[in-house]
Amino acid sequence: MAELEIRVVSMRREGLLVELGRVVYEYGYALLRQRLTQEARGASLIMVLRGPDERQLALEDALGTHPGVLSFESIPYESASANRATFIAGRKRPAALARASAATFTPVATGADIASVERVLPNLAREYPGIFPLLIKLGHALHPEARDASLYLAGRRIGRWVYRRDFELGAKLGLADAIKRVALPALRKLVSTEVDNERLHIRDCPLCQTGGASGGRFFCGFIEGLLAEPVASPSLFVRETSCHGDGAAACVFEISC
Ligand SMILES: [Zn+2]
């Protein structure tokens with residue numbers, strides 16, 4: 001069982017707890033306590049949750065990419081519990097504990113169709129590495145406004161799964177090492193890929209056909225998912241700087257952290 005303290009900031013306060021509570025419940029977690037306050041940057045919600053270890057990452061991805069969430073932070077409750085008294089009293093926790101936060105990221109995608117992604121994930125895992133027909137089908141089935149965020153979410157989830165299945169080393173790596181030892185070999189099982197410093201070049205990407213919609217958001221999520229654990233940086237970020245779909249020779253992904 002995992003115990004987590006989740007902190008989110010949202011633009012709106014109305015319905016926030018109900019909506020996020022529903023996501024929490026969907027992933028088999030129980031809400032032990034919560035506190036909702038209004039801050040200058042938006043509504044701040046702290047939730048203490050307990051639920052199955054194996055669904056923790058899925059829950060964090062679902063909450064972190066929820067359309068109502070501006071920023072998201074997840075802390076193992078053991079670390080947070082040292083500060084439980086001040087949490088209940090509603091005071092700010094010490095800076096040292098804030099720095100110890102295990103997993104912090106600001107979602108770059110909102111509006112993913114989580115249910116559609118969840119449905120296709122078991123098939124993607126079963127067909128891996130032959131996943132492109134399924135991803136192309138998913139891309140067509142999604143509402144255009146949800147397409148990029150959903151492909152990104154699917155990429156993140158598959159990336160984390162591949163890392164755990166094929167690469168879990170237990171050691172933290174520098175970014176350049178992690179790209180060479182994890183991202184490059186994983187990508188080469190799917191597509192023709194070359195590395196150039198902190199950039200990856202993908203040739204003939206099956207998701208980015210000339211004149212069609214770009215599937216680059218899938219690879220941004222996939223690379224972030226692969227590198228999230230070995231690099232362990234809250235600012236890890238991947239963006240596609242040129243795309244075969246727009247006529248470039250290759251899709252280029254720039255990785256920073
Ligand atoms: Zn592309």
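Our structure's up above, just so we're on the same page.
Residues numbered from 1 in each chain as written. Predicted model: local features only at pLDDT ≥ 70, side-chain atom pairs only at ≥ 80, totals over all residues. Heavy atoms only, no water.

(A) Spatial organisation of the coordination of the zinc ion. At the metal site, the zinc ion is ligated by Cys208 (SG), Glu240 (OE), Cys243 (SG) and Cys251 (SG), and these contacts range over 2.1 to 2.4 Å. One can describe the donor arrangement at the zinc ion as irregular, given that its 4 donor atoms subtend angles of 98 to 135° at the metal. Look at where the donors of the zinc ion fall in the sequence and you get C-x31-E-x2-C-x7-C. One end of the pair, Cys208, is in the loop between strand E7 (199-203) and helix H10 (216-231); the other, Cys251, is in strand E9 (residues 251-256), and 43 residues separate them in sequence. Exposure class is identical for Cys208 and Cys251. Each is buried. (Donors = N, O, S within 2.8 Å, 3.2 Å for Na, K, Ca; no water. Tetrahedral: all angles 85-135°; square planar, octahedral: opposite > 155°, others 65-115°. Helix = DSSP H or I, 4+ residues; strand = E, 2+ residues; numbered from the N terminus. Buried < 20%, exposed > 50% of the residue type's maximum accessible area, 1.4 Å probe, protein only.)

(B) Quick look at the sheet that holds E9. Strand order in the open sheet made by the 4 strands is E6-E7-E9-E8, with antiparallel pairing throughout. Where the open sheet ends on each side, the last strands, each with one partner, are strand E6 (192-196) and strand E8 (237-242). Neighbour-to-neighbour, the strand axes of the sheet open up by a mean angle of 25°, direction not taken into account. Packing of H10 onto the sheet brings it into contact with E7, E8 and E9, and relative to E8 it is tilted by some 145°. (Pairing = 2+ DSSP bridges. Axes fitted to C-alpha atoms, helices over the stretch in contact; angles between N-to-C directions. Contact = heavy atoms within 4.5 Å.)

(C) Fine view of the pattern of salt bridges. Summed over all chains, the structure comprises 11 salt bridges. The salt bridge partner of Glu229 is Arg160, with a shortest N-O separation of 3.9 Å. Of this pair, Glu229 sits in helix H10 while Arg160 sits in helix H8 (residues 144-167), placing them 69 residues apart in sequence. Exposure class is identical for Glu229 and Arg160. Each is buried. Residues Glu254 and Arg239 are paired through a salt bridge, measuring 3.1 Å at the closest nitrogen-oxygen approach. Residue Glu254 is located in strand E9, and its partner Arg239 is located in strand E8; the two are separated by 15 residues in the primary sequence. Assessed through its relative accessible area of 27%, Glu254 is described here as partly exposed. Residue classification places Arg239 among the partly exposed residues on the basis of a relative accessible area of 42%. (Salt bridge = Lys/Arg side-chain N within 4 Å of Asp/Glu carboxyl O.)

(D) The pairing of E9, seen in detail. Here E7 runs beside E9; their pairing, made up of 4 bridges, is antiparallel. Residue Arg199 lies in a different strand from E9, and its bridge partner there is Glu254. Sheet analysis places E8 next to E9, joined by 5 bridges and oriented antiparallel. The residue bridging Ser242 from the neighbouring strand is Val252, located in E9.

(E) Representation of the state of the cysteines. Considering all chains together, one arrives at 0 disulfides under this definition. Of the cysteine sulfurs around Cys205, a residue in no disulfide, the closest is that of Cys208, at 3.8 Å. With a relative accessible area of 0%, Cys205 lands in the buried category. (Disulfide = S-S within 2.5 Å.)

(F) Focus on the packing of helix H1 (residues 16-26) against helix H2 (residues 56-64). In the contact formed by H1 and H2, the axes pass within 10 Å of each other and the chain directions differ by 160°. Judged by the inter-axis angle, H1 sits roughly antiparallel to H2. Seen along the crossing, H1 lies across H2 with a hand that is right-handed. Of H2, the residues touching H1 (which contributes Leu20, Val23 and Val24) are Leu59, Ala62 and Leu63. Classifying every residue of the contact of H1 with H2 by side-chain character gives 6 nonpolar, no polar and no charged. (Parallel < 35°, antiparallel > 145°, perpendicular 65-115°, else oblique. Left-handed = near helix turned anticlockwise from the far one by under 90°. Nonpolar A, V, L, I, M, F, W, Y, C, P; charged D, E, K, R; others polar.)

(G) Quick look at the environment of Leu59. Along the polypeptide, Leu59 turns up in helix H2. Taking the C-alpha atoms as reference, Leu59 lies 8.6 Å from Tyr29; in sequence the two are 30 residues apart. Apart from residues no more than four positions distant in its own chain, Leu59 is found in contact with Leu4, Val23, Val24, Tyr27, Tyr29 and Leu49.

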